[in-house]
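# Survey of secondary and tertiary structure
One letter stands for each residue in the lines below.
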Amino acid sequence: MMRTHLLLFVGLVSLVLVAGIFVTEASAQQSALQAKPGLLPGGVFFFFDRFFESLQEFFTFNSESKARLQVAFVAERVAEIEAILDQQGVDAPGLDVARAHLREHTDRAAKILETEKAKGRNVERLAAEIDDAFDAQEEEIDRIFEEREEALEVREKEVKRRLKEAKARGDNALVAQL
């Protein structure tokens with residue numbers, strides 16, 4: 001009886017993993033800007049995210065698909081960076097992890113292209129496609145940080161205004177708080 005349950009469990013887990021890999025392969029080809037953050041770096045279960053990404057890479061056999069998978073991972077890292085900034089601000093511990101993983105994925109994509117080129121394969125089209133996707137992600141990162149910078153500037157002006165008003169009223173408690 002225990003053996004039957006174990007076999008059933010292993011079979012279900014295998015089915016979920018294989019289905020997840022095929023679904024992710026298809027979703028990796030969607031627009032990189034449509035990426036949603038998975039589990040966030042710094043979170044307790046983030047290792048699951050990395051584990052399933054490793055499985056996807058392991059079961060992706062075509063070099064072109066592997067490079068595109070890295071593009072999808074970069075898009076996910078960008079979405080994670082935005083979510084971390086939204087939820088925890090610029091001092092969040094997971095932010096450095098997400099940035100490091102973003103660089104890791106761009107480096108992997110470049111290495112895949114270099115390896116294929118060294119084998120004598122024409123990678124110009126794929127390299128241009130990946131370069132365009134990375135440019136789009138870079139623009140997205142720039143947009144995210146510009147928005148945060150603008151929000152901080154607005155907050156700074158508001159604090160300065162409130163500080164000036166508090167000083168004018170002689171509210172030393174509020175001055176100390178601000």
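What counts as what
- Residues numbered from 1 in each chain as written.
- Predicted model: local features only at pLDDT ≥ 70, side-chain atom pairs only at ≥ 80, totals over all residues.
- Heavy atoms only, no water.
- Core = buried A, V, L, I, M, F, W, Y, C linked by side-chain atoms within 4.5 Å.
- Buried < 20%, exposed > 50% of the residue type's maximum accessible area, 1.4 Å probe, protein only.
- Helix = DSSP H or I, 4+ residues; strand = E, 2+ residues; numbered from the N terminus.
- Expected span 1.5 Å × (residues − 1).
- Polar contact = N/O pair within 3.5 Å; in protein donor to acceptor, adjacent residues only side chain to side chain.

### A closer look at the nonpolar core
Within the largest apolar cluster, 23 residues are counted, with the highest numbers of intra-cluster contacts made by Ile81, Ile84, Ile130 and Phe134. Only helix 3 (63-88), helix 4 (93-118) and helix 5 (124-169) provide two or more residues apiece to this core. The element best represented in this core is helix 3, accounting for eight residues.

### Some thoughts on helix 3
Between its first and last C-alpha atoms helix 3 spans 36 Å; for 26 residues at 1.5 Å apiece the expected length is 38 Å, and the two agree. Here helix 3 lies mainly inside the structure; 19 of its 26 residues are buried. With a side-chain oxygen lying 2.6 Å from the backbone nitrogen of Glu64, the N-terminal cap of helix 3 falls on Asn62. Positive backbone phi, at 85°, marks Gly89, one or two positions downstream of helix 3.

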